[in-house]
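# Summary of the model geometry
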Amino acid sequence: MKLLGLGGRVIRLKTCVGGPKRSANTCCQPEISESPPCCPKRSFWTFKRTLFFSSLTFGAGVYTGIYVSQNYEVPRVDDPQKIIQQLNEKVKELINENKKK
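Residues numbered from 1 in each chain as written. Predicted model: local features only at pLDDT ≥ 70, side-chain atom pairs only at ≥ 80, totals over all residues. Heavy atoms only, no water.

### A look at the confidence of the model for the chain
For the chain, the mean per-residue pLDDT works out to 79, and 62% of the residues sit at or above 70. Mean pLDDT across the elements of the chain ranges from a minimum in helix α1 (residues 2–16), with 59, to a maximum in helix α2 (residues 47–71), with 95. (pLDDT = per-residue confidence, 0-100. Helix = DSSP H or I, 4+ residues; strand = E, 2+ residues; numbered from the N terminus.)

Spelled out as C-alpha cells, the structure:
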C-alpha cells in the first residue's frame with residue numbers, strides 16, 4: 001500500500017508542479033520540499049537464482065539427452081583423441097590451401 005500511496009503522490013506532483021495555478025482548496029500543494037524516497041534497485045540475477053536456473057537448465061539438458069538416446073538411434077561419438085586428430089588434419093588442409101593462393 002505504501003507504493004500505491006507514493007505513486008499517487010508522484011502523479012499529483014507531476015500534475016501540480018509546473019502546471020496552471022490551482023486554488024487553495026485543491027489537494028495538491030504547489031511545491032513539496034521533501035523529495036519522494038528512492039527505492040534501491042536490486043539485481044534480479046542473485047547468486048541463488050543463477051544457481052537455480054543453471055541447475056534447471058542442466059537438468060533439462062540431461063533429461064533430453066537421455067530421452068533422445070533411449071528412443072532414437074544416435075550414432076556413438078568417436079574418442080576425443082580421434083576427433084582432435086581429424087580437427088588438426090582439417091586445419092592443416094585449410095592452411096595449405098591458403099598458402100597456395
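Still to come is the rest of the account.
### Notes on the packing of aromatic side chains
With the rule as written, the count across this model stands at 3 aromatic pairs. With centroids separated by 5.1 Å and ring planes inclined at 85 degrees, the aromatic side chains of Phe44 and Trp45 adopt a geometry described as edge-to-face. Given the relative accessible area of 45%, Phe44 is considered partly exposed. Note on Phe52 and Phe53: the rings are 5.4 Å apart at their centroids and 75 degrees apart in plane angle, and the pair reads as edge-to-face. For Phe53, a relative accessible area of 34% gives the class partly exposed. Three or more aromatic residues joined by ring pairs form one cluster here, namely Phe44, Trp45, Phe52 and Phe53. (Phe/Tyr/Trp six-rings, centres within 6.5 Å; stacked < 30°, edge-to-face > 60°. Buried < 20%, exposed > 50% of the residue type's maximum accessible area, 1.4 Å probe, protein only.)

### Focus on the environment of Ile83
Counting through the fold element by element, Ile83 comes out in helix α3 (residues 80–100). Dropping the residues within four chain positions of it, Ile83 is found in contact with Val77 and Asp78. (Contact = heavy atoms within 4.5 Å.)

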